[in-house]
Amino acid sequence: MKVLNKSKLIEALNVLSSQQEVFVPIQRESQSGYFSWADYQPERDELMLEALNVYQSPKNVVLPQTERMYGIISQGMEVDIDQTFEDAHPTLIFGARGCDVKGILAMDEVFLTRGFVDSFYQARRANNTIVANACYAPGPNCFCTAMEVDPVEPVGADVIIHDCGDYYAWEARTGKGEAVTAQLDGLLEDKEVKLPSAQPFQLQVDYQGVAEKLKDMFDHSLWDQMAEPCINCGMCTYVCPSCYCFDIQVKMFGEKGYRFRAWDSCMFEEYTREAGGGNPRGASKERFRQRFLHKLEFFQERYGTPLCTGCGRCIIVCPTDVNIARIIKAVKEAEVE
Amino acid sequence: MNEAKKGMAIEQPLIPTVVEVIDIVDRTPDVKSFFVRNTDGSGLPFQVQPGQCGMISHLPVGEAMISCTWQEEQEYLEFAVKRVGLLTDELHRIEIGQKVGVRGPYGNGFPVEACKGKDMVFIAGGIGLAPLRSFIKHCFKHRQDYGKITIIYGSRSSADLCFKEELFDLWPREQDTQVFVTIDNPEPDWDGHVGFVPAYLEELAPSPEGAVAVVCGPPIMIKFVLQSLEKMGYADDQVITTLEMRMKCGIGKCGRCNIGSEFICLDGPVYYLEQLRQLPAEW
Ligand code: SF4
Ligand code: SF4
Ligand code: FES
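Owing to the predicted nature of the structure, the values given are computational and were not obtained by experimental measurement.

1. Concerning the overall build of chain A
Thinking step 1. What chain A contains, in helices and strands, is eleven helices and 13 strands.
Thinking step 2. Computed over C-alpha atoms, the radius of gyration of chain A comes to 21 Å, within 12% of the 20 Å expected from 2.2 N^0.38 for 337 residues, which places it in the range of a compact globule.
Thinking step 3. Each of the three principal axes of chain A carries a C-alpha extent, and together these read 65 × 60 × 40 Å.
Thinking step 4. The contacts in chain A between residues at least 6 apart in sequence include a share of 71% that link residues at least 24 apart.
Thinking step 5. Carbon together with sulfur atoms contributes 48% to the accessible area of chain A, which is approximately 14100 Å² in total.
Thinking step 6. Looking at charge distribution, chain A has the averaged site of its 34 positive side-chain charges lying 1 Å from that of its 49 negative ones.

2. Here's the deal with the site of ligand 1
Thinking step 1. The environment of ligand 1 is made up of C230, I231, N232, C233, G234, M235, C236, M267, C318, P319, T320 and V322 of chain A.
Thinking step 2. For the shell around ligand 1, a count of residues per class yields nine nonpolar, three polar and no charged.

3. Some details on the domain arrangement of chain B
Residue and element names in this part refer to chain B.
Thinking step 1. Along its sequence, chain B is organised into domain 1 (3-106) and domain 2 (119-242).
Thinking step 2. Computed from C-alpha coordinates alone, the two centres of domain 1 and domain 2 are separated by 26 Å.
Thinking step 3. Between domain 1 and domain 2, the residue contacts involve 17 residues of the former and 17 residues of the latter.
Thinking step 4. Between domain 1 and domain 2, roughly 1300 Å² of surface is buried when both sides are summed, and carbon and sulfur atoms account for 55% of that area.
Thinking step 5. Sorting the residues of domain 1 by area buried against domain 2 places R27, P50 and Q71 first, and these three jointly supply 33% of that buried surface.
Thinking step 6. The interface formed by domain 1 and domain 2 holds three salt bridges in total.
Thinking step 7. Here domain 1 and domain 2 share three residue pairs in polar contact (both at pLDDT 80 or more) between them.
Thinking step 8. For the side of domain 1 that touches domain 2, the secondary-structure elements that each account for two or more residues are β1 (17-28), β2 (31-38), β4 (62-69) and β5 (77-82).
Thinking step 9. Residue classes in the side of domain 1 that touches domain 2 are distributed as five nonpolar, six polar and six charged.

4. A look at the environment of I24 of chain B
Residue and element names in this part refer to chain B.
Thinking step 1. One can find I24 in strand β1.
Thinking step 2. Judged by relative accessible area, which is 19%, I24 ranks as buried.
Thinking step 3. Separated by 71 residues in the primary sequence, I24 and E95 have C-alpha atoms spaced 7.4 Å apart.
Thinking step 4. Once you skip the residues sitting within four places of it in the chain, I24 turns out to touch K32, S33, F34, I94, E95 and I96.

5. Observations regarding the site of ligand 2
Residue and element names in this part refer to chain A.
Thinking step 1. The environment of ligand 2 is made up of 13 residues, and the closest members are C240, C308, T309, C311 and C314.
Thinking step 2. Elements with a contribution of two residues or more to the shell around ligand 2: α9 (284-303) and α10 (313-317).
Thinking step 3. Along the lines of polarity and charge, the residues of the shell around ligand 2 split into seven nonpolar, three polar and three charged.

6. Digging into the pairing of strand β5 (residues 66-75) of chain A
All names here are of chain A.
Thinking step 1. Taken together, the seven bridges between β5 and strand β13 (residues 256-263) define a ladder with antiparallel strand orientation. Looking at β13, one finds that R68 is bridged to F260.
Thinking step 2. In terms of strand pairing, β5 meets strand β6 (residues 78-84) through six bridges, oriented antiparallel. In the strand pairing of β6, Y70 is matched with T84.
Thinking step 3. Between the antiparallel neighbours β5 and β6 lie two residues, among them G76 with a positive phi of about 65°.

7. Some remarks on the interface of chain B and chain A
Thinking step 1. On the side of chain A, 50 residues touch chain B, which itself brings 47 residues to the contact.
Thinking step 2. Contact between chain B and chain A buries roughly 3900 Å² in total, counting both sides, with carbon and sulfur atoms accounting for 57%.
Thinking step 3. If you sort the residues of chain B by the area they bury against chain A, K253, R256 and E282 of chain B come out on top, with a joint share of 18%.
Thinking step 4. Where D247 of chain A meets K248 of chain B, a salt bridge forms, and the shortest distance between an N and an O atom there is 2.9 Å.
Thinking step 5. Summed over the shared surface of chain B and chain A, the number is 25 residue pairs in polar contact (both at pLDDT 80 or more).
Thinking step 6. For the side of chain B that touches chain A, the element with the highest residue contribution is strand β6 (residues 99-106) of chain B, accounting for four residues.
Thinking step 7. Among the residues forming the side of chain B that touches chain A, the class breakdown is 22 nonpolar, twelve polar and 13 charged.

8. A word on the environment of I94 of chain B
Thinking step 1. Within the element layout of this structure, I94 of chain B appears in the loop between α2 (86-93) and β6.
Thinking step 2. Residues I94 of chain B and F34 of chain B, 60 residues apart in the sequence, show an inter-C-alpha distance of 9.7 Å.

9. Some words on the sheet that holds β13 of chain A
All names here are of chain A.
Thinking step 1. Read across the open sheet, the four strands follow the order β6-β5-β13-β12; overall the sheet is antiparallel. Edge strands, defined here as strands with exactly one partner in the open sheet, are β6 and β12 (246-253). If you compare each strand with its neighbour and ignore which way they point, the axes differ by 25° on average.
Thinking step 2. Relative to β13, β12 runs antiparallel, the two being bridged by eight bridges.

10. Description of the sheet that holds β4 of chain B
Thinking step 1. As summarised here, the arrangement of the six strands in space is β1-β2-β5-β4-β3-β6 (chain B), forming a closed barrel in which the pairing is antiparallel. The average angle at which neighbouring strand axes cross in this sheet is 45°, direction not considered.

11. Focus on helix α5 (residues 175-183) of chain A
Residues and elements named next belong to chain A.
Thinking step 1. For α5, the complete set of buried residues consists of G177, V180 and T181. An end-on view of α5 places all buried positions within 105° of arc, on one side of the element. Opposite its buried face, α5 presents the exposed residues G175 and A182, each directed more than 90 degrees away.
Thinking step 2. Along its buried surface, α5 packs onto β1 (2-5), α1 (9-19), β7 (91-96), β8 (128-133), β9 (159-163) and β10 (167-172).

12. Some remarks on the packing of aromatic side chains
Residue and element names in this part refer to chain A.
Thinking step 1. Taken as a whole and assessed by the stated rule, the structure comprises 18 aromatic pairs over all chains.
Thinking step 2. With a centroid separation of 4.2 Å and 20° between ring planes, the pair formed by W37 and Y40 is classed as stacked.
Thinking step 3. Residue class for W37 comes out buried when judged on its relative accessible area of 5%.
Thinking step 4. Overall, the relative accessible area of 21% leaves Y40 in the partly exposed class.
Thinking step 5. Where F111 meets F246, the ring centres are 6.1 Å apart and the plane angle is 25°; that geometry is what we call stacked. With F111 in helix α3 (residues 98-112) and F246 in strand β12, this residue pair connects regions lying 135 residues apart in the sequence. We note that F111, like F246, is buried.
Thinking step 6. In this structure an aromatic cluster arises from ring pairing among F111, Y121, Y244 and F246.

13. Quick look at the pattern of salt bridges
Thinking step 1. Inspection of the entire model under this criterion finds 41 salt bridges over all chains.
Thinking step 2. Between K99 of chain B and E78 of chain A there is a salt bridge; the shortest N-O distance is 2.8 Å. Taken as a pair, K99 of chain B in strand β6 and E78 of chain A in strand β6 lie in two separate chains rather than in one.
Thinking step 3. Classification of K99 of chain B by relative accessible area gives buried; the value is 10%.
Thinking step 4. One salt bridge connects R302 of chain A with D267 of chain B, and the closest N-O pair in it is separated by 2.8 Å. Of the two residues, R302 of chain A sits in helix α9 while D267 of chain B sits in the loop between β14 (262-263) and β15 (270-272), which places them in two different chains.
Thinking step 5. Each of E67, D87, D118, R124 and R261 of chain A takes part in a single network of salt bridges with overlapping partners.

Calculation notes
- Residues numbered from 1 in each chain as written.
- Chains lettered and ligands numbered in written order.
- Predicted model: local features only at pLDDT ≥ 70, side-chain atom pairs only at ≥ 80, totals over all residues.
- Heavy atoms only, no water.
- Helix = DSSP H or I, 4+ residues; strand = E, 2+ residues; numbered from the N terminus.
- Rg over C-alpha atoms; globule rule 2.2 N^0.38 Å.
- Contact = heavy atoms within 4.5 Å.
- Areas by Shrake-Rupley, 256 points an atom, 1.4 Å probe, with all protein chains shown as cover.
- Lys, Arg positive; Asp, Glu negative; His and termini not counted.
- Charge placed at Lys NZ, Arg CZ, Asp CG, Glu CD.
- Near = heavy atom within 4 Å.
- Nonpolar A, V, L, I, M, F, W, Y, C, P; charged D, E, K, R; others polar.
- Domains from an automatic or database assignment.
- Buried area = accessible area lost by both parts, 1.4 Å probe.
- Salt bridge = Lys/Arg side-chain N within 4 Å of Asp/Glu carboxyl O.
- Polar contact = N/O pair within 3.5 Å; in protein donor to acceptor, adjacent residues only side chain to side chain.
- Buried < 20%, exposed > 50% of the residue type's maximum accessible area, 1.4 Å probe, protein only.
- Pairing = 2+ DSSP bridges.
- Axes fitted to C-alpha atoms, helices over the stretch in contact; angles between N-to-C directions.
- Arc of directions from axis to C-beta.
- Phe/Tyr/Trp six-rings, centres within 6.5 Å; stacked < 30°, edge-to-face > 60°.

Printed below as a string of structure tokens:
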């Protein structure tokens, strides 16, 4: 099997970075997330390939937090669109965990299927390669296997690397994966490898039957209890690898400007507030319920898979200790008339 | 830009086509119809079926999903826009000749085929007549395909009645068609019916036998009309209505317009009542 010796990791990232923009998990001051390797500064940044999980998921690579869509020229009656901003520059996510890869696969379903193909997402995604980092030792808040993710051999990865101590076993899985493997010609070695053995999960979650059961729980009192602490801050949606909802806004500087989109959150009151003032999800509980039903029921109904990938991020960041694993458990145990 | 965009609408669904406003008609004090066509005068940016919508944008300000009217042989699209917020306020200020953006068509539209052979009962309130009007016009254009047509329409006041020429002049002259108009409160110069739409509907009591009722209007009116129809014996598969949610993308991506696993922009806005009953009670 091919392996990448850890002593050659930096060199490998440099080589890859010369061919495409490479995003790696980095701790940068108080932030952690997938940042461009080209901006890596050893005195400021720490490479976090071992972390479960960095604060931000890599979703920003295919769905940036804000993204320009098209340019507008507005001169009174005469208005025109002068350019569009589909960004097709090649990118590579290095070290994504299976849960984050699944998050991107879920977004593929949203943006690339069901009648319309989103040209902005497609441009980025078509030119994006994923090198996934296999998980053998799940963290305290991980429950990906309960959410249809294989942490060791994640579906959707172009390359899977396996941390074997001094080296990464390197396994190309797709044509794109072969292409980046070829870029590392001379850096990868052939070696007999012994893969680590998988450790058990600390958090036990059973999602079996939850989507079906939720169909009859829209008005269940469980939502009142569960939503009670939530302050609708939106942190959970911000860090989630599969939360994809966005807003579209315009910015004008005199006669010129552009329309852009930006991450939005179902936790915000403005999200569904209508121009006339009405709001079908005006109450905090209604928004809370929407988030968890979207994750656990609605997405499953529409796309055949849950929209939670079990990464555990929302459990960690929530300031009020809302915990999706506990919600799943509560649904399992709830009595439904 | 427009040239490059033509034929590419599907490849870049979020990018509007720039069109020209060729006419603006005041429908009521707060509803205006905007007629648009391609900037080179060559006709339509896209075609729409009755009940479908389009995004109209005053490009430097914002976009809104609006019910869109078009009929075969018509060289323009019509958007009837009610002034309700920032964007629609700005739209109401534009003048003929203004370039605006449009994208679409969006949504499923009315089941015009499935309704063939039925007596049609159209029930609308306020601006809700705009989407129904496309369906009504479709019925008149294919008059032999549909049975008796009953139109029941109401608004707050006589000034708020949309499409008056059609209501009072054109439609009543169509074969086997009855048009009933009501306003909420009495007015000195109004000799028509006074009262709310649901009560008027029950009073008129169009028979459910072989009929389909199509309902569109403010959510509160829809709610009571649905109750009235149920009382009158209309089954859930004889009632069609439209849902409204805030929209941004129009193509099932941005997330906000869902009710359960349905995206109203893409899968709706038109539903049979029997379909609605399967959805979480958020509508
Ligand atoms: S992070 Fe916690 S408090 Fe904030 S919106 Fe999410 S569930 Fe609510
Ligand atoms: S809902 Fe929470 S646990 Fe699930 S994928 Fe999103 S952040 Fe991770
Ligand atoms: S308006 Fe974006 S999903 Fe419906």
